[in-house]
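These are the residues of each chain, in order.
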Amino acid sequence: MMKRWQALTDVPVYPHLVELARHPFDLTIPGVLTPARMQQYCCSAAGFDLLYATQRVSDETLAGLQKLADQCLLVEQFRQMRRGAVMNRIHGYPSEDRQVLHTACRDLFGETPAEPAASAQAGREIARLKVFLEELENGTLTNGQGLPFDTMIHVGIGGSDLGPRSVYEALRAYGRPGRQVYFISNVDPDDAAAVLRQVNLATTLVNVVSKSGTTLETLTNETLVRRAFEQQGLDPCRHCMAVTGTGSPMDNPARYLRSFYMFDYIGGRYSSTSMVGAVMLAFALGIEPVLEFLEGASLMDMAAEGEELQQNMPLLLAMLGVWNHSFLGASTVAVLPYSQALHRFAAHLQQCDMESNGKSVSRYGEQVTLKTGPILWGEPGTNGQHAFYQLLHQGTEIVPVEFIGFRHSQYGEDIEIEGSTSQQKLVANLLAQSLAMAMGQESENPNRRFPGNRPNVILLAERLTPKVMGALLALYEAKIVFQGFCWNINSFDQEGVQLGKVLAGRVLALMRGQREDGGGDSSPEMSLLKMAGIAKG
Ligand code: G6Q
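Below is a summary of the structure that appears in this document.

Focus: the packing of aromatic side chains
Argument step 1. The full count for this structure, using the stated rule, is 13 aromatic pairs.
Argument step 2. Plain terms: the ring middles of W377 and F388 are 4.9 Å apart, the flat faces sit at 70° to each other, and that makes the pair edge-to-face. Residue W377 is located in strand β11 (residues 375–377), and its partner F388 is located in the loop between β11 and α13 (389–394); the two are separated by eleven residues in the primary sequence.
Argument step 3. Ring geometry for F388 versus Y389: centroids 5.4 Å apart, planes at 45°, classification tilted.
Argument step 4. A network of ring pairs unites the aromatic residues Y14, W323 and F327 as a single cluster.
Argument step 5. Directly above the aromatic system of F25 lies the positively charged group of R37, at a separation of 3.8 Å from the ring centroid.
Argument step 6. Residue placement shows R179 over the ring face of F283; its charged tip is 4.6 Å from the ring centre.

Points about the sheet that holds strand β10 (residues 332–337)
Argument step 1. Across the sheet, six strands lie side by side as β1-β2-β15-β12-β10-β11; this open sheet has mixed pairing. Where the open sheet ends on each side, the last strands, each with one partner, are β1 (42–45) and β11. Each adjacent strand pair in this sheet contributes to an overall mean axis angle of 15°, direction not counted.
Argument step 2. Pairing of β10 with β11 involves three bridges; the strand directions are parallel.

So, helix α8 (residues 216–231)
Argument step 1. Compared with the 22 Å implied by 1.5 Å per residue over 16 residues, the 22 Å span of α8 between its first and last C-alpha is a close match.
Argument step 2. Listed as buried for α8 are T218, N221, E222, V225, R226, A228 and F229. Projected onto a plane normal to the axis of α8, the buried residues spread over an arc of 155° and lie on a single side. Among the exposed residues of α8, those oriented more than 90 degrees off its buried face are R227 and Q231.
Argument step 3. In this fold, the buried residues of α8 make contact with β5 (151–155), β6 (180–184), α7 (189–196), β7 (204–210) and β8 (240–245).
Argument step 4. With its phi angle positive at about 75°, G233 sits one or two positions after the end of α8.

Here's the deal with the site of the ligand
Argument step 1. Taken together, 14 residues surround the ligand, and among them S160, S210, S212, T215 and Q351 come closest.
Argument step 2. Note that an oxygen atom of the ligand is positioned 2.7 Å from one of the side-chain N or O atoms of S160.
Argument step 3. Measuring from an oxygen atom of the ligand, one finds a backbone N or O atom of K211 at 2.8 Å.
Argument step 4. In the complex, the protein chains occlude 91% of the 400 Å² of accessible area that the ligand would expose alone.
Argument step 5. Looking at the shell around the ligand residue by residue, the class counts come to one nonpolar, nine polar and four charged.

So, the environment of M87
Argument step 1. Inspection of the secondary structure puts M87 in strand β3 (residues 86–88).
Argument step 2. A C-alpha to C-alpha distance of 29 Å links M87 and E217, two positions 130 residues apart in sequence.
Argument step 3. In contact with M87, not counting residues within four places along its chain, are Q77, Q80, M81, R98, Q99, V100, R363, F485, N490 and F492.

Section: the pattern of salt bridges
When charged atoms on two side chains of opposite charge get close, those side chains can pair.
Argument step 1. For the structure shown, the criterion picks out 23 salt bridges.
Argument step 2. Across the pair E305 and R82 runs a salt bridge whose closest N-O atoms are separated by 2.9 Å. Of the two residues, E305 is situated in the loop between α10 (287–303) and α11 (313–327) and R82 in helix α4 (residues 74–82); the sequence distance between them amounts to 223 residues. In this structure, E305 and R82 share a single accessibility class: buried.
Argument step 3. The closest approach of N and O atoms between R98 and E96, which form a salt bridge, is 3.6 Å.
Argument step 4. R98 gets classed as partly exposed once you look at its relative accessible area, which sits at 26%.
Argument step 5. In this structure, a network of salt bridges that share partners links the residues R79, R82, R83, D107 and E305.

Considering the sheet that holds β6
Argument step 1. If you trace the five strands from one edge of the open sheet to the other, you get β6-β5-β7-β8-β9, paired in parallel fashion. With one partner strand each, in any of the chains shown, β6 and β9 (259–262) form the two edges of the open sheet. Neighbour to neighbour, the strand axes of the sheet diverge by 20° on average, direction disregarded.
Argument step 2. Relative to β8, β7 runs parallel, the two being bridged by five bridges. Among the inter-strand pairings, N207 is bridged to a residue of β8, identified as M241.
Argument step 3. Across the sheet, α7 is in contact with β5 and β6; its angle to β6 comes to roughly 165°.
Argument step 4. Against the sheet, α8 contacts β5, β6, β7 and β8, and its axis sits at roughly 165° relative to β7.

A short note on the state of the cysteines
What we call a disulfide is simply a covalent bond connecting the sulfur atoms of a pair of cysteines.
Argument step 1. On inspection of all chains with the given rule, the structure shows zero disulfides.
Argument step 2. Summary of cysteine pairing: C43 is not part of a disulfide, and the nearest cysteine sulfur, belonging to C42, is at 7.2 Å.

What about helix α3 (residues 59–71)?
Argument step 1. End to end, α3 covers 18 Å across 13 residues, agreeing with the expected 18 Å (1.5 Å per residue, within 8%).
Argument step 2. Taken residue by residue, α3 has T61, L62, G64, L65, Q66, L68, A69 and Q71 as its buried positions.
Argument step 3. Looking at the buried residues of α3, the elements they touch are α1 (14–20), α4, α11 and α15 (466–487).
Argument step 4. Once α3 ends, the next one or two residues include L73, with phi positive near 55°.

Here we look at the pairing of strand β2 (residues 48–51)
Argument step 1. Inspection of the sheet shows β1 paired to β2 by four bridges, in the antiparallel sense. Counterpart to S44 in the pairing with β2 is D49.
Argument step 2. Hairpin connection from β1 to β2: two residues lie between these consecutive antiparallel strands, with A46 at a positive phi of about 45°.

Cut-off values and rules
- Residues numbered from 1 in each chain as written.
- Predicted model: local features only at pLDDT ≥ 70, side-chain atom pairs only at ≥ 80, totals over all residues.
- Heavy atoms only, no water.
- Phe/Tyr/Trp six-rings, centres within 6.5 Å; stacked < 30°, edge-to-face > 60°.
- Helix = DSSP H or I, 4+ residues; strand = E, 2+ residues; numbered from the N terminus.
- Lys NZ or Arg CZ within 6 Å of the ring centre and 35° of its normal.
- Pairing = 2+ DSSP bridges.
- Axes fitted to C-alpha atoms, helices over the stretch in contact; angles between N-to-C directions.
- Expected span 1.5 Å × (residues − 1).
- Buried < 20%, exposed > 50% of the residue type's maximum accessible area, 1.4 Å probe, protein only.
- Arc of directions from axis to C-beta.
- Contact = heavy atoms within 4.5 Å.
- Near = heavy atom within 4 Å.
- Polar contact = N/O pair within 3.5 Å; in protein donor to acceptor, adjacent residues only side chain to side chain.
- Areas by Shrake-Rupley, 256 points an atom, 1.4 Å probe, with all protein chains shown as cover.
- Nonpolar A, V, L, I, M, F, W, Y, C, P; charged D, E, K, R; others polar.
- Salt bridge = Lys/Arg side-chain N within 4 Å of Asp/Glu carboxyl O.
- Disulfide = S-S within 2.5 Å.

Printed below as a string of structure tokens:
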């Protein structure tokens, strides 16, 4: 058994990589982007090609990154995670101390699941979901007047909203005719009001999603929506469903038309392939597309177990990210999908990546000495080209980019103008941007000079289908996990989010006049409440 290193700087290959980073591969030298390099620097998995010739890496860099992955036991740890090891922990300190088994939710297609008990649990929830869908279909489950439900409002926040919502948006092209889905997440009453104005509550299901069953925003919105039913003379218990953790305060089947479960070994931001995402998606799309989505995710999980860096797409994406961030010093990473359907994907990744790897202590509770997770952001292209790409091309900050594109559109409704379809124009823009960022452009006019050497990758698939979306989601989940292992941090807890929940409670206690709970009259919280004009007394 090899040694597990405490910090990245202790890993034997670290100094070699630091040395290589002093003179990274220069993409601006004319002729370096050869056909051979393009072909060699391409990895395929689960329907995706990852093109990475436009990264500042050579064979020597990749060999160094392979060593880094090996010496940090990255694949070994991923394999252990999938097999139920307790990964969510800080050694020597009180912590969540849990297994990390979101991958079990989709490990349903092979003969031997990596963690059989968790996959069996996931399989049972899928079976219950199928029964629910059949009852909707065959008229066993209708509203009080015998009418079918045609609308679902998904109520949840954070991990119980962002991933599911981004997947729904990505796949709504495959939606079942006549079914609609809306989301309420923010405690801002306007969020709920805007949705409630658009739906016919009589034929609406409300899917309340909260792992803990205690989240202020979600419980408030549930109460608000229940009142809306009552005001129309409808019984909310005939319309409200729940997805929650077993044993949570929301685990109360009497209050809900139907209850589905997720488990403590599934983190909120990793829960899109659990019932947290599946119930809403199955209502919107039907069960078959949901199973395809899970299968795509499962294929990518299996690809993440390969030992070879250049054959293991999630590991490769992770290590290229580590190279750019920890060795070349980039602070942020932009994910730029050339697909309007992925317009909420960066919002999901923002949470999944930054909540996972925005940490300052190691898995042993020690202060880290190097930067951990980058700032992740993004918007769809080509829209972004008409906005922030200026900084990407000529700004003083180098932003590594992960482009995502598809050879074919989802609806297939397209138009040819001047010899190319809209989809071809979309993909051509993506490819041109990738090359321009890498190679740059000389000019005698300094203001028209593009320095290049802006590292990027292209993720390319045929079409954004449910299966491909599952693979994309799992690719990023595994990338984040690998990077967390490499920086030796716990990617699975979220003390910063918990703090927000406590702070909100304290300030609300002050507002209600409970000075002892929230702090005294002269506390900063009280002063700010008075300044904002919302304090009592
Ligand atoms: C995710 C986080 C956080 C969480 C929300 C909602 O990993 O823990 O974003 O998902 O705070 O929590 P509940 O699902 O418990 O309502």
